[in-house]
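Summary of the model geometry
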Amino acid sequence: CGVVRRSRSRDSSRAVRVRPSSTARALPAFCTAQSASERSSSDVGKRPSVSLVIVNYNTADQARQMVEGLGDGADEIVIVDNASPNGDVDVLRRLPAHVKVLALADNRGYGAGANAGSMICTGEVIVVSNADIGISAADLRSLAAEAYNEGVGLAGPRFVDATGSLVRSSHY
C-alpha cells in the first residue's frame, strides 16, 4: 500500500502516518498523484481532487458502509466488481448516483480490478482500497494531501487496530 507519483520515481520515498479514523482502522491504499512537473505553481497548497477505487468481490455490504462512512471525503468513487456471483452488482447499483459501478465480466483479480477502476478516474490522486477498510473523510484527505506534496515518491499509512496499536503484519 502506498502513494506513488505518476513519475514513478524510486528515489523520493517516505512513509507517512495516517491518523486513525473513529473506528481506529487505517487505509491500505495505492495512490497515484501528478508529478511536480505536471502541476503549476498555483497548485501549491491546493487540495487535490481525490478518486477512490474500491475493488469488490462478494463484499457489497462492506463497500456500501465504506461509501456511507466517507461522506464527501472523495470527489469521485468507483467500485469495481470482480464478477461477484452473489448479486453484488445489483446492491452496488443502488448506491448514490455519484458512485460509479464498473462490473467486470470475470474475476481478473485485485490488481486488474484496481487498474480497470483507475483507468476511468479523473482525480489528481487515486486511492485504491479493499471494501473492508475503515477510513474517515479527514484521513482520506490527509493521505491524498501527502501524496500531492512536492518530493513525495511513495507514502503509505500505518495500519492500526481498534485500540490504536500498530498492526505489525502490515508494517515493514
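Treat the numbers as computed from the prediction; the structure is a model and nothing was measured.

Let us now look at the overall build of the protein. The secondary structure content of the protein amounts to 4 helices and 7 strands. Going residue by residue from the N terminus, the α and β elements of the protein occur as β-β-β-α-β-α-β-α-β-α-β. The buried share among the 172 residues of the protein stands at 47%. Partitioning the intrachain contacts of the protein with sequence separation of at least 6 by distance along the chain shows that 80% fall at a separation of at least 24. Total accessible area computed for the protein in this model is approximately 8,600 Å², and 49% of it derives from carbon and sulfur atoms.

On to the environment of Ala60, then. Here Ala60 is to be found in helix H1 (residues 60-70). By relative accessible area, which is 4% here, Ala60 ends up buried. Placed 30 residues apart in sequence, Ala60 and Asp90 show a C-alpha to C-alpha distance of 9.2 Å.

You can see Asn149 is positioned in the loop between helix H4 (137-148) and strand S7 (154-155). Taking the C-alpha atoms as reference points, Asn149 and Pro48, separated by 101 residues in sequence, lie 9.8 Å from one another.

Right, let's get into the confidence of the model for the protein. Detail in the predicted coordinates should be disregarded across regions flagged by low pLDDT. Scored by pLDDT, the protein comes out at a mean of 74, with 67% of its residues at no less than 70. Below a pLDDT of 50 lies the segment residues 1-37, which in the model reaches 133 contacts outside its immediate sequence neighbourhood of four places, other chains included.

Phi angles above zero are rare outside glycine, and Asn58 is one such case at about 60 degrees. Here Asn58 lies in the loop between strand S3 (50-56) and H1. When its relative accessible area of 31% is taken as the criterion, Asn58 is described as partly exposed. With a phi angle near 60 degrees, Ala83 is a residue other than glycine that sits in the positive phi range.

Right, let's get into helix H3 (residues 110-119). Three- or four-residue spacings in an α-helix give side chains the same orientation, since the helix completes a turn every 3.6 residues. Taken as a whole, H3 has its buried residues at Gly113, Ala114, Ala116 and Gly117. Angular distribution of buried residues about the axis of H3 spans 165 degrees; they occupy a single face of the element. Exposed positions of H3 whose direction lies more than 90 degrees from the buried face are Asn115 and Met119.

Let us now look at the side chain of Ser84. Structurally, the position occupied by Ser84 is in the loop between strand S4 (76-81) and helix H2 (88-92). Among the polar contacts made by the side chain of Ser84, one reaches the side chain of Asn56 at a distance of 3.5 Å. Once residues lying within four places of it in the same chain are set aside, the contact partners of Ser84 are Asn56, Tyr57 and Asn58.

Quick notes on the rules
- All chains use their own residue numbering, which begins from 1 and follows the written sequence.
- Where totals are concerned, whole chains, interfaces and linings use all residues; where local detail is concerned, this predicted model gives features only for residues with pLDDT of at least 70, and gives and counts side-chain atom pairs only at 80 or more.
- Side-chain calculation: all heavy atoms of the structure are included, whereas hydrogens and water are not.
- The secondary structure listing takes helices from DSSP runs of H or I that are at least 4 residues long and strands from runs of E that are at least 2 residues long, numbered from the N terminus.
- Type-normalised accessible area, obtained with a 1.4 Å probe on protein chains alone, sets the label of each residue: buried when under 20%, exposed when over 50%, and partly exposed for intermediate values.
- Contact definition: two residues touch when any of their heavy atoms are within 4.5 Å.
- Computed by Shrake-Rupley with a 1.4 Å probe, the accessible areas treat only the displayed protein chains as cover when residues are assessed.
- The score called pLDDT rates the predictor's confidence residue by residue, from a low of 0 to a high of 100.
- Arc definition: directions from the helix axis to the C-beta atoms.
- Under the rule applied, a polar contact is a pair of N or O atoms within 3.5 Å (in protein, one hydrogen donor and one hydrogen acceptor; residues adjacent in sequence only if both atoms are side-chain atoms).

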